[in-house]
Amino acid sequence: MTWEPVIGIEVHVELRTDSKMFCGCAVSFGEEPNVNVCPVCLGLPGSLPVPNRRAIEWITEIGLALNCQISPVSVFHRKNYFYADLPKNYQISQYDVPVAHDGWLEITVDGETRRIGIERAHMEEDTGKSIHLGGGGRIHSAEATLLDFNRAGVPLVEVVSRPDLRSAVEARVYAQELRALVAELGVSDARLEEGSIRFDANVSVRRRGTDEFGTKVEIKNMNSFRSLERAIDFEIRRQVDVLDGGGELVQETRHWDEEAGVTRGMRTKEGSSDYRYFTEPDLVPMVIDEAWQAEIRAAMPELPADRRARYLSLGVDPQTAGALVGAPPAFRRLFDEAVDAGADAKAAANWITGELVAWARREEVDPAEVAVTGAGLAELVAMVAAAELSASAAKDVLDGMARGEGSAREVAERRDLLQITDRGALEAVVDEVLAEHPDAVERYRSGEAKVVGFLVGQVMRASGGKADPRVVNELIRSKLDET
Amino acid sequence: MSLADLTIAEAAKGLRRGAFGARELVDAVLERAAKTEAELHAYLTIDHEGAREAAARADEELASGVDRGPLHGIPVALKDNLCTEGLETTCASQILAGYHPPYDATAVRKLREAGAVPVGKTNLDEFAMGSSTENSAYGPTRNPWDTDRVPGGSSGGSAAAVAAGSALGALGSDTGGSIRQPAALCGLVGMKPTYGLVSRYGLVAFASSLDQIGPITRTVEDAILLLEAIAGHDPADATSWAGDLPDFRSELGRGVEGLRIGIVEELSGDGYEPAVSAAVDAMVSSLEAEGARVQEVSLPTFDVALSAYYLIAPAEASANLARFDGVRYGLRVPGATTEEMMARTRAEGFGPEVIRRILLGTYALSAGYYDAFYGQAHRVRTLITRDFARAYEQVDVLVSPTSPTVAFPVGARTEDPLAMYLSDICTIPSNLAGHPAISIPIGLDPAGLPIGFQVMAPALSEPLLFRVAAEVERLARFDARPEVVTP
Amino acid sequence: MPIDIDISHVARLARLALDDEQLERYRRQLGVILEHAARVQALDTEGVEPTGHPLGFTNAFRDDQVRPSLERDVVLAEAPDHRDGYFVVPPALEGP
């Protein structure tokens, strides 16, 4: 393909503070319309905004987590535009000095890890919600619009990436990573379906090997990661088709139509996007100095990237480390406890991300309710290493542990799953099997070595699966070879 | 003499002496209003019932020994851009006709807590945009000294009410001189505090970085009493000063001996009426005779202060007034779409001066013009503040006329916006710098119209400002009252 | 310097439905005022920072505490039109 996609993502994250950005109204989802409103968030005459300190701390956390510079002095601006769900007809936002700028987020696609630049993360307030009546929800043919201002003034962080993404898949992975990060920080519910995290994409294409940017199109209205990827894919193809057909692209905003699987241009008036930014005179500058930053940093949880690095340093393989980074917090704690209890980290990680995650899903048990302890998991790992448990027996043991039946050894004993490694005990079974299968013995002697596998299987079956296959294998070979 | 002609301080004494009750006091004021309002139109709303109830409560409290301080039982007027819970607040605009705020402005709440008795809401230039109170959607206010003339503005209703005795004191708001200029034109004391000293919460914003609420009174002492009640940090206003408040009385009575007083060179000359200049010169000589060291000081950037102001204030106003759109409150003019409804509501709901300033501000902020106009004005504002700082290295306070002219005839400047804007040339610099300033009446011109003397001081220097103002007041011995008052 | 003003564009930005005659009148008035206002451009402001709060303080915040909201009846009592707890406006023509 001669065209290279150039994609940037804008993410809006609603913070889950108790109160709104500039007033004391509650931040809550799914209430009756217009119950969480006051003079400030309704834009009543004479009201004034006062910023929520926690929201500023949380956007700083996001900035730090995205490896950004934190502006030592940051100011709010007014972004002026008229829209019925914007109570003051300006949005308090940030313009030239956002709280955070110039950071990066790592994404891994097809085993390749890349740093995606973060241009800025700035603080603003959310708008109210419009419900367009009639016309099947379509804006253009609606008969009236209903307005609910419960959401107006909810703290909103906008994270703008650099145009560093080169495919729809990369864009989707970036969005997922960012969502995981804010969820991890605990600063947002980050639910796509509730709109507490929202993605817009800026898409353009250019001839491969060139540096300049093509005409940029903004796509909105993508309500899932899948639709984000589909919309970008569609838009790339659309742009390439236009250009290949000798056409020209217009800079515009397009809406993703999920059902039709296409992006559509929106009606806009020329020149309507002159936002006339100016410093918000109702607010004073924010100084987020080193001391405050250090306080904020100290209160932050371990971040996915740091956690991944720690897992890798413990010897966990990259794929499992990735899975463990995204595992439920209870399972990550279990991992840490197991390692503290002396478990081999790689094995513990494999058990958790493989068997235990699957078990919890299958049994529909909340990970926090799974009864396995760190010490228990360490014991299980050790027993497997010592061949006291076969891999399949260990799964059974883990099942028992997860149900709270006791320690690994207790479960293994109670369920009679300990492996038989005693040569004396196994020798009799081996002799018996050899005697029952003289034809197999004959085939072995005539050079068909692979028949050993069959004989081992027979012994395993005779022992009820408890025989240590290594010992059995050894015994059979020595017996066949000695005569 | 009617109780309505007492100063706040006198009335406070009388109430405590038991010479009269708060109820009698408010009745005297309401009676005065009944006599004068038809001609003056100082008020947009008079809250007869609320005022009498508050006065009755004050009487009960005072009788039972609950004394809320010097404003307890004092009838005051509130400019109609201050939100009053349940009491119509229009900003003299059609767009807010019938609007009842669900809350009190902080300054109003503080006055109520101090026991003051709000009489009603006074007329103003629509959204405080103007210098004559002619830009009111509900008709102009007339000057009690000469009803063919304007009372000044934008707090002209508050000034006219206090001058006429339909309130003992009033609150106004001052963005470019809107307290001081009408006070000067009505023979009253008008004071703009340091920006941030009085909470703006509940003051319907005109230009947020310039607006301050302040008192309009008959005496300097009364101005202090009102300011003491309304000043102080408000957690609901992020721009309000959280530090210690100065003691406004700490320098009173020290006189002006040795004090360095600067006459602003740029605020004199052409365009200043001879009677105004003569009165100001005479006051400066009196101050000098009292031992003040007087010198001329040049603040060259004052020449462009008006220009900077008429970019900054409209720019902020264009955003502040965007919320009046017919969606959530106030006037709605129907339209087929939201956009049409909003655009019609705004075009019909706002008067011409407001529309002019919204357009001006929108232009000054718009792409391609921002830096040459709004951006440049803001940098010039910094230069003006620097000029002040340099001047205050040489002198302690600055003085000037409050207004280049006395009250002008109704209609004289309505067709010439620029001429109207020039009314504020002396008062605007203090707003741009955020400094306190006060106007004190010092005499009458040959036609019997009051002349105001302005004193300016550095930020948070209210004690010094009041000290000088009290001296000016003492030296001026201004005790004239408008004819409407004299029996 | 005569000042060029696209007055219909400015009126559109300010959401003001003005007729041609009004537009022309405001354009002329703005021209006069802006010519005066343009005097700020004569000053050298190279390296001058715009003015902030005159008292120069920073970091005025509130704690993240919920305070009572207004009663919905009170809120809607001032609304030109409302239905089922919502404010109602005519349909929107454009997106935000």
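Residues numbered from 1 in each chain as written. Chains lettered and ligands numbered in written order. Predicted model: local features only at pLDDT ≥ 70, side-chain atom pairs only at ≥ 80, totals over all residues. Heavy atoms only, no water.

(A) Just the overall build of chain B, in detail. Along chain B, the regular secondary structure elements total 15 helices and 11 strands. A compact globule built from 487 residues would reach a C-alpha radius of gyration of about 23 Å, and chain B, at 21 Å, matches this within 12%. Its C-alpha atoms put chain B at 65 × 50 × 45 Å along the principal axes. Sequence separation of 24 or more characterises 76% of the internal contacts of chain B that already satisfy a separation of 6 or more. Carbon together with sulfur atoms contributes 49% to the accessible area of chain B, which is approximately 14,000 Å² in total. Of the side chains in chain B, 40 bear a positive and 63 a negative charge, and the two mean positions are spaced by 3 Å. (Helix = DSSP H or I, 4+ residues; strand = E, 2+ residues; numbered from the N terminus. Rg over C-alpha atoms; globule rule 2.2 N^0.38 Å. Contact = heavy atoms within 4.5 Å. Areas by Shrake-Rupley, 256 points an atom, 1.4 Å probe, with all protein chains shown as cover. Lys, Arg positive; Asp, Glu negative; His and termini not counted. Charge placed at Lys NZ, Arg CZ, Asp CG, Glu CD.)

(B) The environment of A:Glu363, seen in detail. For A:Glu363, the location among the structural elements is in helix 8 (residues 345–363). In this structure the side chain of A:Glu363 is engaged in a polar contact, spanning 3.2 Å, whose partner is the side chain of A:Arg403. (Polar contact = N/O pair within 3.5 Å; in protein donor to acceptor, adjacent residues only side chain to side chain.)

(C) Representation of the packing of helix 2 (residues 22–40) of chain B against helix 3 (residues 48–63) of chain B. All names here are of chain B. Between helix 2 and helix 3, the least distance of the axes is 7 Å, while the angle of their chain directions is 155°. Considered as vectors, helix 2 and helix 3 are oriented roughly antiparallel to each other. The way helix 2 lies across helix 3 gives a crossing that is right-handed. Residues Ala22, Arg23, Val26, Asp27 and Leu30 of helix 2 pack against His48, Ala51, Arg52, Ala55, Ala58 and Asp59 of helix 3. Its residues assigned to classes, the contact of helix 2 with helix 3 shows six nonpolar, one polar and four charged. (Axes fitted to C-alpha atoms, helices over the stretch in contact; angles between N-to-C directions. Parallel < 35°, antiparallel > 145°, perpendicular 65-115°, else oblique. Left-handed = near helix turned anticlockwise from the far one by under 90°. Nonpolar A, V, L, I, M, F, W, Y, C, P; charged D, E, K, R; others polar.)

(D) Summary view of the domain arrangement of chain A. All names here are of chain A. On domain assignment, one finds that chain A holds domain 1 (3–294), domain 2 (302–414) and domain 3 (423–480). Computed over C-alpha atoms, the centres of domain 1 and domain 2 are 39 Å apart. Listed by partner, the interface residues are five residues for domain 1 and six residues for domain 2. Of the roughly 410 Å² buried between domain 1 and domain 2 on both sides combined, carbon and sulfur atoms contribute 59%. (Domains from an automatic or database assignment. Buried area = accessible area lost by both parts, 1.4 Å probe.)

(E) Here's a closer look at the sheet that holds strand 2 (residues 86–89) of chain C. What the four strands build is an open sheet, ordered 8(A)-9(A)-2(C)-1(C); its pairing is antiparallel. Here the strands that pair on one side only, and so sit at the sheet edges, are strand 8 (129–133) of chain A together with strand 1 (82–83) of chain C. With two bridges joining them, strand 1 of chain C and strand 2 of chain C adopt antiparallel strand pairing. Within strand 2 of chain C, the residue paired with C:His82 across the bridge is C:Phe87. (Pairing = 2+ DSSP bridges.)

(F) Representation of the interface of chain A and chain B in the model. If you look at the interface, chain A gives 31 residues, while chain B gives 38 residues. For the chain A and chain B pair, buried surface summed over both sides reaches about 2,600 Å², with 62% attributable to carbon and sulfur atoms. The tally of links between chain A and chain B comes to one salt bridge. Of the charged contacts in the structure, one is a salt bridge between A:Asp282 and B:Arg200, with a shortest N-O distance of 3.0 Å. Across the side of chain A that touches chain B, the residue classes tally to 21 nonpolar, five polar and five charged. (Salt bridge = Lys/Arg side-chain N within 4 Å of Asp/Glu carboxyl O.)

(G) A look at empty space enclosed by the protein. As enumerated under the stated definition, the model contains six cavities of 30 Å³ or more in all. Computed from the structure, the largest cavity encloses a volume of approximately 60 Å³. (1 Å grid on protein atoms, 1.4 Å probe; cavity = no way out; pocket = protein on both sides within 12 Å on 5 of 7 lines; lining within 4 Å. Points joined across faces, edges and corners; volume = space filled by probe spheres on them.)

(H) Local environment of the sheet that holds strand 5 (residues 90–93) of chain A. Residues and elements named next belong to chain A. An order of 5-4-15 is seen for the three strands of this open sheet, with the pairing classed as antiparallel. Both edges of this open sheet fall to strand 5 and strand 15 (278–279), since each of them pairs with a single strand only. Relative to strand 5, strand 4 (residues 77–80) is paired through four bridges, and the arrangement is antiparallel. When the bridges of strand 5 are listed, arginine 78 appears paired with isoleucine 92.

(I) Spatial organisation of the interface of chain C and chain B. Taken together, the 50 residues of chain C in the interface contact 65 residues of chain B. Overall, the association of chain C and chain B removes approximately 4,900 Å² of surface from exposure, summing both partners, and the carbon and sulfur fraction of that is 70%. In this assembly, chain C and chain B are joined by zero salt bridges. At the boundary of chain C with chain B, the tally comes to 20 residue pairs in polar contact (both at pLDDT 80 or more). Secondary structure elements with two or more residues in the side of chain C that touches chain B: helix 1 (7–13), helix 2 (20–37) and strand 2 of chain C. Looking at which element gives the most residues to the side of chain C that touches chain B, the answer is helix 2 of chain C, with eight residues.

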